[in-house]
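Reading the structure
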Number of protein chains: 2
Amino acid sequence: MAEKVRIGIVGYGNLGRGAELAVEKNPDMELAGIFTRRDPNTIQTATNANVYCQDNIRSFQDKLDVLILCGGSASDLPEMSPELARLFPIVDSYDNHAKIPDHYKKVNQAAEEAGKLAIISAGWDPGLFSLNRLLGEIVIPDGGTHTFWGKGLSQGHSEAVRRVEGVKKGVQYTVPMEEILEDARNGKGEDLTAAERHKRVCYIVADEKDHARIEEEIKTMPDYFAPYDTTVHFIDEETFDSEHQKMRHGGFVIRSGNSSKAHKQAMEFSLTLESNPEFTASVLVAYARAAYHLHKKGETGAKTPFDIPFSAMTHKTSAEIMKDLL
Amino acid sequence: MAEKVRIGIVGYGNLGRGAELAVEKNPDMELAGIFTRRDPNTIQTATNANVYCQDNIRSFQDKLDVLILCGGSASDLPEMSPELARLFPIVDSYDNHAKIPDHYKKVNQAAEEAGKLAIISAGWDPGLFSLNRLLGEIVIPDGGTHTFWGKGLSQGHSEAVRRVEGVKKGVQYTVPMEEILEDARNGKGEDLTAAERHKRVCYIVADEKDHARIEEEIKTMPDYFAPYDTTVHFIDEETFDSEHQKMRHGGFVIRSGNSSKAHKQAMEFSLTLESNPEFTASVLVAYARAAYHLHKKGETGAKTPFDIPFSAMTHKTSAEIMKDLL
Ligand SMILES: NC(=O)c1ccc[n+]([C@@H]2O[C@H](COP(=O)([O-])OP(=O)(O)OC[C@H]3O[C@@H](n4cnc5c(N)ncnc54)[C@H](OP(=O)(O)O)[C@@H]3O)[C@@H](O)[C@H]2O)c1
Ligand SMILES: NC(=O)c1ccc[n+]([C@@H]2O[C@H](COP(=O)([O-])OP(=O)(O)OC[C@H]3O[C@@H](n4cnc5c(N)ncnc54)[C@H](OP(=O)(O)O)[C@@H]3O)[C@@H](O)[C@H]2O)c1
């Protein structure tokens, strides 16, 4: 095999840890290092990777090929992505949909000036879901698109249920309603509100004497639960610990429409994820490979997943994928 | 809007007719003509398009931008694709999976020598399903892939049920079993046979007195039905005519695996098509746009859907798709 692609991970939160695990699953890659703004000695990694101080990243220009930026979209990436795109090929998972064009502009300018390549907004949404929203429009031009998120763990709503008196442990999932998914497959329901499209499902550990009151308090909690179809399940602590510690997420992109008056067509893409950050990181790692190879071929500037052919994301040769997967 | 992409359709069967309808749904395209090996005067088109004799196609080199080849994979495309790739940018839907590498080689040589671009094996399988088989491997490297076809109209099995005495009208659909799909989502069932993965569902018009015998004869028909879970529905002729004259097809590509020991991930892509040829043609039309634009940018040789970024398949600008779909 050719020389391995040397990956650097910037930021060690959920996504950074996921990227560390994902690099291990890809035989053509090796982890050159993890970079953090915190004291490297305080970071306990999953695989005994080297952790460095992010301030020194400039000195790694000969030691790594591409950076995966795992900072937060709210305040880390708007600064980090343009800055680091001047030094390395990068990928990020920037997910503030409304501000993507602005982010693109800044990263593109930085990358163009430095002759580097940057792929922004990779992940699953934005990312794979965006690809499917675009593909749906392309192959069923006369139709409608519906994106649903969930079954997904909601951080905010889980915290809200845990504040109810007597709740020892609790989580909340947002779940698209099966009958509304079915409507979407038939091209109906585009004008529904979030509350009409999703239900809320809670899993709670509490003493039996408190169950009725807790259920009532959750279901009537204003803003958080009141307008929603809410179900509360009481479970034992053991089940909770084995089943509900995961950052589950996923969802559906459904496109349906007509290719002619007589004929309806529908296309659907869905994800069921037990770990949102590990999956997102797996996608980032694949786009990191693409950034590396396309940059080597001379491509520069900022790109989005729309611009990247799948053949650039795999470690297999064109002959292999043609033979085995086409 | 810029000048329209001028499309030529070669071969006017199911796919050719679908391509004619699909061009109409794409505002940046116009149909320059349909080319046939039969007498053009005998062809009744859906939209009053011009029909020409295929022998004269060479004289259209200034009059059209890209050809969509709608011949059959068995004997038309192996000849036509390399031949016409010397004259125009082309797309085809070549679907003989085992012979794709060979087909690629011939088309690539022809296109390279002529400085043209050819996209082969576009459609849904090969095509969109292939893309999802590859994507699944890329983002869930430690896992398994399952492709299911159906609910789909089976030409051969429909003919078989129509040969049973007393059957006035009849169709047969091959349908993946719901419980096996569920297993695939959980990473199980890779070693099952086709008969274990699919059931057969027939819709029959016949006199009531014959129902019991017809059902028995169908279910026990050797090779065709005997090993399968078969259901026979008797319906009235009106229902048959409105519901079962369509070339339905579709299927599922399911990828499931682990991003780490603790976390399972699953990705699924599915199509529910009321007209297999119209949908396939819609996909071909999108790849025709890509062939046109990428050829204009200087790309040559043969490519597969793996090599084409989705941004090359849309008529929208990069700024538009970034803002609306990313
Ligand atoms: N496109 C998609 O589909 C998608 C999906 C999911 C998430 N995302 C994006 O990914 C971003 C990152 O998500 P995340 O879950 O990885 O966020 P996170 O865990 O909060 O990590 C973000 C950053 O915070 C710092 N950090 C982490 N743990 C810390 C701690 N204990 N103390 C102090 N600082 C800590 C890390 O930087 P240092 O190591 O430098 O301190 C890390 O890079 C999100 O903002 C979201 O926008 C995108
Ligand atoms: N990749 C995918 O997902 C996918 C999906 C579906 C199909 N396909 C491929 O598409 C190919 C074409 O499918 P199709 O359903 O369009 O096949 P078809 O209807 O049999 O047409 C094939 C060719 O036969 C000729 N023809 C059609 N009707 C005729 C008639 N009444 N009399 C004499 N000749 C006639 C036409 O050429 P002339 O006009 O020159 O006579 C036409 O181009 C299939 O072989 C399959 O490989 C691919």
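Residues numbered from 1 in each chain as written. Chains lettered and ligands numbered in written order. Predicted model: local features only at pLDDT ≥ 70, side-chain atom pairs only at ≥ 80, totals over all residues. Heavy atoms only, no water.

As annotated in an unreviewed UniProt entry, chain A carries the name Meso-diaminopimelate D-dehydrogenase and is attributed to Cerasibacillus terrae.

**Digging into the relation of the copies chain A and chain B**
Superposing the two chain copies requires a rotation about an axis and a translation along that axis. The test is simple: Least squares is used to superpose the copies, and the fit set is the C-alpha atoms of residues whose pLDDT is at least 70 in both copies. By definition in these notes, contact holds between two residues if any of their heavy atoms fall within 4.5 Å.
Superposition of chain A onto chain B requires a rotation of 180° combined with a translation of 0.0 Å along the rotation axis, giving an RMSD of 0.0 Å. When the rotation and shift are considered jointly, the pair of chain copies conforms to a two-fold rotation axis. Take the interface residues of chain A: 100% of them recur as interface residues in chain B, which is what a same-surface contact looks like.

**Here we look at the site of ligand 2**
Residue and element names in this part refer to chain B. So the rule is basically this: By convention in this text, a residue qualifies as near a molecule or strand provided that one of its non-hydrogen atoms is within 4 Å of it. For this analysis, a polar contact is any N or O atom pair within 3.5 Å, provided that within protein one partner can donate a hydrogen and the other can accept it, and provided that sequence-adjacent residues contribute only side-chain to side-chain pairs. For accessible areas, the Shrake-Rupley method is used with a probe of radius 1.4 Å. Any residue's cover is judged against the shown protein chains and nothing else. In this description a helix means any DSSP run of H or I spanning at least four residues, a strand means any run of E spanning at least two, and both kinds are numbered starting from the N terminus. For this classification, the nonpolar set comprises Ala, Val, Leu, Ile, Met, Phe, Trp, Tyr, Cys and Pro, the charged set comprises Asp, Glu, Lys and Arg, and every other residue, Gly included, is treated as polar.
Looking at ligand 2, there are 22 residues lining it, with Leu-15, Thr-36, Arg-38, Ser-73 and Trp-124 nearest. Residue Tyr-12 places a main-chain N or O atom 2.9 Å away from an oxygen atom belonging to ligand 2. A total of 910 Å² of accessible area belongs to ligand 2 in isolation, and the protein chains cover 70% of it. Elements with a minimum of two residues in the shell around ligand 2: α1 (14-24) and α10 (276-296). Of the residues in the shell around ligand 2, the class split is six nonpolar, 11 polar and five charged.

**Considerations on the sheet that holds strand β6 (residues 117-119) of chain A**
Residue and element names in this part refer to chain A. Threshold: Two strands are said to pair when DSSP picks up at least two bridges between them.
A sheet is described by the order of its strands in space; here seven strands give the open sequence β3-β2-β1-β4-β5-β6-β14, paired in parallel fashion. The open sheet is flanked by β3 (51-53) and β14 (301-303), the only strands paired with a single partner. The pairing of strand β4 (residues 66-69) with strand β5 (residues 90-91) spans two bridges and is parallel. Opposite Leu-67, over in β5, you have Ile-90 as the bridge partner.

**Overview of the UniProt feature "binding site: substrate" (unreviewed entry) in chain A**
Residues and elements named next belong to chain A. Which entries qualify depends on this criterion: UniProt positions are given in the numbering used here, feature names are shortened, and annotations may be inferred rather than shown by experiment.
Sites flagged by UniProt as "binding site: substrate" (unreviewed entry) map to Trp-149, Thr-174, Arg-200, His-249 and Asn-276. Structurally, the position occupied by Trp-149 is in strand β7 (residues 143-149). Aside from chain neighbours lying at most four places away, what touches Trp-149 is Trp-124, Asp-125, Phe-129, Thr-174, Pro-176, His-198, His-249, Gly-250 and Gly-251. Of note is the side chain of Trp-149, whose polar atom sits 2.9 Å from the side chain of Asp-125. Counting through the fold element by element, Asn-276 comes out in helix α10 (residues 276-296). Those residues within four positions of Asn-276 in sequence are excluded, and the remaining contacts are Trp-124, Met-247 and His-249.

**Here we look at the pairing of strand β11 (residues 229-234) of chain A**
Residue and element names in this part refer to chain A. So the rule is basically this: A clockwise path from the first strand over the helix to the second, with the strands pointing away from the viewer, defines a right-handed crossover.
In the sheet, strand β10 (residues 198-205) pairs with β11 via six bridges, with the strands oriented parallel. Opposite Val-201, over in β11, you have Thr-231 as the bridge partner. For the segment spanning β10, helix α8 (residues 211-219) and β11, crossover handedness is right-handed.

**Brief notes about the sheet that holds strand β9 (residues 169-176) of chain A**
Where strands meet in a sheet, backbone hydrogen bonds hold them as pairs that are either parallel or antiparallel. Residue and element names in this part refer to chain A. Quick note on the threshold: Lines fitted to the C-alpha atoms define the axes, with helices restricted to the stretch that makes contact. Angles between their N-to-C directions range from 0 to 180 degrees.
The mixed open sheet is built from four strands, whose spatial order is β8-β9-β10-β11. On the outer flanks of this sheet lie β8 (152-153) and β11, each paired with one strand and no other. For β8 and β9, the ladder comprises two bridges, and the chain directions are antiparallel. Note that in β9 the partner of Leu-153 across the bridge is Tyr-173. Against the sheet, α8 contacts β10 and β11, and its axis sits at roughly 155° relative to β11.

**Some details on the UniProt feature "domain: Meso-diaminopimelate D-dehydrogenase C-terminal" (unreviewed entry) in chain A**
The UniProt entry lists residues 123-275 of chain A under the feature "domain: Meso-diaminopimelate D-dehydrogenase C-terminal" (unreviewed entry), expressed in the numbering used here. Secondary structure across residues 123-275 of chain A comprises 31% helix and 35% strand; the distance between its end C-alpha atoms is 13 Å.

**Quick look at the interface of chain A and chain B**
Put simply, the rule reads: The term buried area means the drop in 1.4 Å probe accessible area that two parts suffer when joined, counted for both and summed. Salt bridge, as used here: a side-chain nitrogen of Lys or Arg that lies within 4 Å of a carboxyl oxygen of Asp or Glu.
The partner chain B presents 63 residues to the 63 residues of chain A that form the contact. Sorting the residues of chain A by area buried against chain B places Phe-310, Leu-325 and Leu-326 of chain A first, and these three jointly supply 15% of that buried surface. Counting across the chain A and chain B interface gives four salt bridges. Here Lys-25 of chain B and Asp-142 of chain A are joined by a salt bridge, their closest N and O atoms 2.8 Å apart. Between chain A and chain B we count 36 residue pairs in polar contact (both at pLDDT 80 or more) in total. Going through the elements one at a time, α3 (100-114), α4 (128-139), β12 (249-260), β13 (263-273), α10 and α11 (318-324) of chain A are the ones with two or more residues in the side of chain A that touches chain B. For the side of chain A that touches chain B, the element with the most residues is β13 of chain A, which contributes 11 residues. Here the side of chain A that touches chain B is built from residues that sort into 32 nonpolar, 18 polar and 13 charged. Taken together, the nine bridges between β13 of chain A and strand β13 (residues 263-273) of chain B define a ladder with antiparallel strand orientation. By the bridge assignment, Gln-265 of chain A is partnered in β13 of chain B with Leu-273 of chain B.

**Considerations on the layout of surface pockets**
Selection criterion: Grid points spaced at 1 Å over the protein atoms alone were grouped into cavities, where a 1.4 Å probe fits but cannot get out, and pockets, open sets with protein on both sides within 12 Å along at least five of seven lines, with lining residues defined by an atom within 4 Å of a point. Grid points are joined across faces, edges and corners, and a volume is the space filled by probe spheres set on the points.
Quantified by volume, the second largest pocket comes out at close to 1200 Å³. Lining the second largest pocket are 46 residues, with Leu-294, Lys-297, Glu-299, Pro-309 and Ala-312 of chain A positioned closest to its centre. Counting residues per element, the ones that place at least two in the lining of the second largest pocket are β1 (5-10), α10, β14 and α11 of chain A together with α10 and α11 (318-324) of chain B. Among the elements that take part in the lining of the second largest pocket, α10 of chain A stands out by supplying four residues, more than any other. Among the residues forming the lining of the second largest pocket, the class breakdown is 16 nonpolar, 13 polar and 17 charged.

**Quick notes on the pattern of salt bridges**
To keep things clear, this is the line we draw: Exposure categories follow from relative accessible area, calculated using a 1.4 Å probe and restricted to protein chains: below 20% of the type maximum is buried, above 50% is exposed, and the middle band is partly exposed.
Tallied over the full model, the rule gives 46 salt bridges over all chains. Ionic pairing is found between Arg-133 of chain B and Asp-125 of chain B, a salt bridge with its closest N-O pair at 2.9 Å. For Arg-133 of chain B, a relative accessible area of 10% puts it in the buried group. Owing to a relative accessible area of 15%, Asp-125 of chain B belongs among the buried residues under this scheme. Glu-237 of chain B serves as the salt-bridge partner of Lys-169 of chain B, at 3.1 Å between the closest nitrogen and oxygen. Here Lys-169 of chain B is found in strand β9 (residues 169-176), whereas its partner Glu-237 of chain B is found in helix α9 (residues 237-243), with 68 residues between them in sequence. Taking relative accessible area as the criterion, Glu-237 of chain B reaches 39% and is therefore assigned partly exposed. Each member of the salt-bridge network shares a partner with another, and the members are Glu-178, Glu-182, Arg-185 and Glu-268 of chain A.

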